[in-house]
Amino acid sequence: MPFKVLIANRGEIALRAIRACKELNISTVSVYSEGDKDLKHLKFSDETVCIGPASPLESYLNTPAILSAAELTQVDAIYPGYGFLAEDYSFAEMCEKSGFKFIGPSSETIKNMGDKITAKTLAEESGIQIVPGYKNDIPKDPEKFKNIAKEIGYPIMIKATAGGGGRGMRVVESEDELISSAEITMQEAKNAFGNEKIYLEKFIPNPRHIEIQVIGDGKGHAIHLGTRDCSMQRRHQKIIEEAPAKNIDQDALEKTYEASINLCKKLKYEGAGTIEFLYENGEFYFIEMNTRIQVEHPVTEMITGFDIVKAQLRIALEMDIKLDQDSINFFGHAIECRINAEDPKTFQPSPGKITKMHIPGGFGIRYDSHIYGGYVVPPYYDSLLAKIITLANSRNSTIKRMISALDEFFIEGIKTNHSLHQEILHDKTFIDNKHTINYLENEFLKNDG
Ligand code: ADP
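Since this is a predicted model, take the numbers as computed values, not measurements.

What counts, and where the lines are drawn
- Each chain carries its own residue numbering, running from 1 in the written order of its sequence.
- Residues qualify for local features only when their pLDDT is at least 70, as the model is predicted, and side-chain atom pairs are given and counted only at 80 or more; totals for whole chains, interfaces and linings, by contrast, use all residues.
- No hydrogens and no water enter the side-chain calculation; it runs on all heavy atoms of the structure.
- One heavy atom within 4 Å of a molecule or strand is enough for the residue carrying it to be called near that molecule or strand.
- Pairs of N or O atoms are called polar contacts if they sit within 3.5 Å, as long as, within protein, a hydrogen donor faces a hydrogen acceptor (for residues adjacent in sequence, only side-chain-to-side-chain pairs).
- With residues, only the protein chains shown are counted as cover, and all accessible areas are computed by Shrake-Rupley using a 1.4 Å probe.
- A run of DSSP states H or I qualifies as a helix once it reaches four residues; a run of E qualifies as a strand once it reaches two. Both are numbered from the N-terminal end.
- Relative accessibility under 20% of the residue-type maximum defines a buried residue, over 50% an exposed one, and the middle range a partly exposed one, all with a 1.4 Å probe and only protein chains included.
- Only heavy atoms enter the contact rule, under which two residues are in contact if any of them lie within 4.5 Å.
- Given the number of residues in a helix, its expected span is that number minus one, multiplied by 1.5 Å.
- It is the directions from the helix axis to the C-beta atoms whose arc is reported.
- Within this document, salt bridges are pairs made up of a side-chain nitrogen of Lys or Arg and a carboxyl oxygen of Asp or Glu, the two lying within 4 Å of each other.

**A closer look at the site of the ligand**
Right, so step 1: In the region of the ligand, 19 residues are neighbours, and Lys 116, Lys 159, Gly 166, Ile 204 and Glu 288 sit closest.
Right, so step 2: Within the backbone of Lys 202, a nitrogen or oxygen atom sits 2.9 Å from a nitrogen atom of the ligand.
Right, so step 3: Within the contact set of the ligand, a nitrogen atom lies 2.8 Å away from a backbone nitrogen or oxygen of Ile 204.
Right, so step 4: Protein contact buries 93% of the 550 Å² of open area that the ligand shows by itself.
Right, so step 5: Those elements that place two or more of their residues in the shell around the ligand are strand E7 (156–164), strand E8 (167–172), strand E9 (198–202) and strand E14 (283–290).

Structure follows, in structure tokens:
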């Protein structure tokens, strides 16, 4: 009997997972909401089950509905993708308890890495450099608290241990704001995450976002697939990603690779994961580990030839897989542009019907997307429409290839950020690889008028 996997997601990542399953002769069950009956991947899935109304809370976040679908179709495992329930440890736990393999690390690892203080502690114990700060209990005495902050040095970031998605964070410029900012962050964290615990970090003013892709076998062996640079972001949302990260201090990188592997070994990490860092003045500072596939995984696949989604499936289903660091080779440079259904100037979402479109093609161009001419982009979900990925032997050639791919690409009927990508690809700071995480918002978009 071949394996059967339920895909608990939608959009391009659901299609990506089906493609990987097909190559591995795994049969697929796709769940979908009432707002998603025209999704492309449903046509390629062996079975489909409607799990509820369009609202994500009632469908893609509805654990009982998803587990009932799994029960009904008798799948072996559940593929979570990214977003939705991918990093919800209680969902992973429910899958485990219901007898379905959750494709990813153990619920315990998801829980530990989802708690930022625990994650920082585990990272530090593995030899990873963390952002300097304070993660013990905040003293009740305001003077003691102020002294701790003074020692770290302003500006400081107050963060909620249960925070995520860019929420539960606040920058404090000086001592006068410390107590009130801490109180507000605690209150917000309590309301949003049901956990008011906070910690302090030194604010890193102008870093790059560099991340390391790791793959673990769940038994204490792990490899890395190199770096990605995701510094081109707006409101902590990545827009362009590339692999490998260029102009990185090699000694610091080697140490960080080694410590990252140590962390995976310590966690007996299973499947694909990403360890994220802020990088400034030749130093890596751990910020978090994402215990799932990332949107930007294709750039790593392009430069290594390693299929990360197939690896997730193979590891979870205990199919044969070779995880050998020495056999991972890196070729050239890859860039991904995320095409979103949004206004390129105001960033307002732009759902609606795609009347006409053209997909780019050619040597070194990859296109991962679920959309097609006539498809109606629903208003209920993330605005990601397509990922265009180019590969060439140097960063400059990859940029040129992307410019050409973007020139071929068009979507009519809805607004997209296509023109923003075209502008960034011609921007001198981007071409010179001088941008940090603040560049797009604080300079590029401001200059744009
Ligand atoms: P989340 O889980 O909410 O995404 P992260 O800890 O990953 O939170 O941080 C999100 C973003 O916030 C980072 O990519 C970075 O832009 C910014 N950030 C986080 N910590 C710091 C820090 N200590 N100094 C400067 N910027 C930070």
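Okay, back to it.
**Brief notes about the environment of Tyr 154**
Right, so step 1: Among the structural elements, Tyr 154 can be located in the loop between helix H7 (142–152) and E7.
Right, so step 2: Residue Tyr 154 is classed as partly exposed on the basis of its relative accessible area, which comes to 23%.
Right, so step 3: When the C-alpha atoms of Tyr 154 and Glu 175 are compared, they prove to be 8.0 Å apart, with 21 residues separating the residues in sequence.
Right, so step 4: Apart from residues lying up to four places away in sequence, Tyr 154 is in contact with Ala 149, Val 172, Glu 173, Ser 174, Glu 175, Leu 178 and Lys 202.

**Focus: helix H12 (residues 395–408)**
Right, so step 1: For H12, built from 14 residues, the straight-helix expectation of 20 Å at 1.5 Å per residue is met to within 8% by its first-to-last C-alpha distance of 20 Å.
Right, so step 2: All of the buried residues in H12 are Arg 395, Thr 398, Ile 399, Met 402, Ile 403, Ala 405 and Leu 406. Taken end-on, H12 shows its buried residues confined to a sector of 165 degrees, consistent with a single buried face. Those residues of H12 that are exposed and aimed more than 90 degrees away from the buried face are Lys 400 and Asp 407.
Right, so step 3: Turning to H12, the residues buried within the fold contact strand E12 (237–243), strand E15 (333–340), strand E18 (365–369), strand E20 (384–392), helix H13 (418–425) and helix H14 (428–431).

**Some details on the pattern of salt bridges**
Right, so step 1: Within the structure shown, the criterion is met by 28 salt bridges.
Right, so step 2: We note a salt bridge from Asp 307 to Arg 16, for which the minimum N-O separation is 2.9 Å. Of the two residues, Asp 307 is situated in the loop between helix H10 (297–304) and helix H11 (308–316) and Arg 16 in helix H1 (residues 11–23); the sequence distance between them amounts to 291 residues.
Right, so step 3: According to the relative accessible area criterion, Arg 16 is buried, its value standing at 7%.
Right, so step 4: The salt bridge partner of Glu 125 is Lys 266, with a shortest N-O separation of 3.1 Å. Separated by 141 residues along the polypeptide, Glu 125 in helix H6 (residues 116–125) and Lys 266 in helix H9 (residues 250–267) bring together distant segments of the chain.

**Things to note about unusual backbone geometry**
Right, so step 1: In this model, Tyr 154 is joined to Pro 155 through a cis peptide bond whose omega is -5 degrees.
Right, so step 2: Each neighbour pair has its own omega, and for Ala 243 with Pro 244 the value is -5 degrees, a cis peptide bond.
Right, so step 3: We note that Asn 281 has phi near 45 degrees; this positive angle belongs to a residue other than glycine.
Right, so step 4: Secondary-structure assignment places Asn 281 in the loop between strand E13 (270–280) and E14.
Right, so step 5: We note that Phe 347 has phi near 65 degrees; this positive angle belongs to a residue other than glycine.
Right, so step 6: Looking at where Phe 347 falls in the secondary structure, it is placed in the loop between E15 and strand E16 (352–353).

Just geometry here; none of it tells us what the structure is for.
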